[in-house]
Amino acid sequence: MHSDHINGDLAAVLLTDDQIQARLAEVAAQVDADYEGRDLLLVGVLKGAVIVMADFMRHLRSHVSTDWMAVSSYGSGTTSSGVVRILKDLDIDLVDCDVLIVEDILDTGLTLSWLMNNLRSRGPASVEVFTFLRKPEAVQVPITPRYVGFDIPNEFVVGYGLDYAERYRNLREVAVLRPEVYGH
Ligand code: 5GP
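To start, this report covers the structure provided alongside it.

Conventions and cut-offs
Residues numbered from 1 in each chain as written. Predicted model: local features only at pLDDT ≥ 70, side-chain atom pairs only at ≥ 80, totals over all residues. Heavy atoms only, no water. Near = heavy atom within 4 Å. Polar contact = N/O pair within 3.5 Å; in protein donor to acceptor, adjacent residues only side chain to side chain. Helix = DSSP H or I, 4+ residues; strand = E, 2+ residues; numbered from the N terminus. Nonpolar A, V, L, I, M, F, W, Y, C, P; charged D, E, K, R; others polar. Salt bridge = Lys/Arg side-chain N within 4 Å of Asp/Glu carboxyl O. Buried < 20%, exposed > 50% of the residue type's maximum accessible area, 1.4 Å probe, protein only. Phe/Tyr/Trp six-rings, centres within 6.5 Å; stacked < 30°, edge-to-face > 60°.

### Some remarks on the site of the ligand
Thought 1: The environment of the ligand is formed by 15 residues, the closest being Thr108, Gly109, Thr111, Val157 and Asp163.
Thought 2: At a separation of 3.0 Å, an oxygen atom of the ligand approaches a polar backbone atom of Asp107.
Thought 3: Measuring from a nitrogen atom of the ligand, one finds a backbone N or O atom of Asp163 at 2.7 Å.
Thought 4: Residue assignment for the shell around the ligand shows that the elements contributing at least two residues are strand E5 (98–106) and helix H3 (110–120).
Thought 5: Here the shell around the ligand takes 3 residues from E5, the largest share from any one element.
Thought 6: Tallied by class, the residues present in the shell around the ligand amount to 5 nonpolar, 4 polar and 6 charged.

### Points about the pattern of salt bridges
Thought 1: Summed over all chains, the structure comprises 11 salt bridges.
Thought 2: Note that Asp55 is salt-bridged to Arg58, the shortest N-O span being 2.8 Å. One end of the pair, Asp55, and the other, Arg58, are both in helix H2 (residues 50–59), 3 residues apart, so they sit about a helical turn from each other.
Thought 3: As a salt-bridge pair, Arg122 and Asp89 come within 3.0 Å of each other at their nearest N and O atoms. Taken together, the residues span a long stretch of sequence, with Arg122 in the loop between H3 and strand E6 (126–134) and Asp89 in the loop between strand E4 (84–88) and E5 at a distance of 33 residues.
Thought 4: For Arg122, a relative accessible area of 23% gives the class partly exposed.
Thought 5: Taken together, the shared-partner salt bridges in this structure form one network comprising Lys47, Asp163, Glu166 and Arg169.

### Looking at the packing of aromatic side chains
Thought 1: For the structure shown, the criterion picks out 6 aromatic pairs.
Thought 2: Both rings, one in Phe156 and one in Tyr182, keep their centres 6.1 Å apart while their planes meet at 75°; by these two values the pair is edge-to-face. Of this pair, Phe156 sits in the loop between strand E7 (147–151) and strand E8 (157–158) while Tyr182 sits in the segment after strand E9 (174–177), and the two are 26 residues apart along the sequence.
Thought 3: Residue Phe156 is classed as partly exposed on the basis of its relative accessible area, which comes to 36%.
Thought 4: Relative accessible area serves as the criterion here: at 25%, Tyr182 is assigned to the partly exposed category.
Thought 5: Between Tyr164 and Tyr182, the aromatic rings sit 4.8 Å apart at their centres with planes inclined by 75°, giving edge-to-face as the arrangement. Remark: Tyr182 occurs in the segment after E9 and Tyr164 occurs in the loop between E8 and E9; sequence separation between them is 18 residues.
Thought 6: Judged by relative accessible area, Tyr164 falls into the partly exposed class, the value being 26%.
Thought 7: One aromatic cluster is present, built from ring pairs that chain together Phe132, Phe150 and Tyr160.

Spelled out as structure tokens, the structure:
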């Protein structure tokens, strides 16, 4: 789905398909260089990271393995509490693995900080993070993603894997919805 197809729903397109692909190629080149000669495991966080994972891994020139986790943050509505439940765990044993977590967006960072601690407790060689998007609030958390796709304003965004009520994940761009879509 392209923004032209749902123009009436969108207040603004923040990132175009071309901008996204160009940036993913840059990040992939950096990751290829940083992990040269090592076996990298990409861990995608479902469901938001599905699209970025699919595109990002194809920009890489090195071999990688992939695995997925699904987590749910306890909390009401849009507020995350930092207490996380594993809905789907990894299939792969992490002992001595170089792990790169691929996340859709870093907002408060509570989910990611929990996830990093959880994966680090499994004996990997290293755990780093690539977050496709990062919001300003994320500066308050004690995690520094090694790779960041884009820093974006503090607005609720959809598209490129990110949903509102499970819709818009298949939008090619990253966009801000019109307030009417939320029923405001
Ligand atoms: P955190 O624990 O960093 O606050 O939560 C991050 C999670 O909140 C993301 O994985 C995503 O599911 C959700 N989230 C945070 N900001 C946005 C946003 O702007 N749009 C969407 N669709 N989800 C968001």
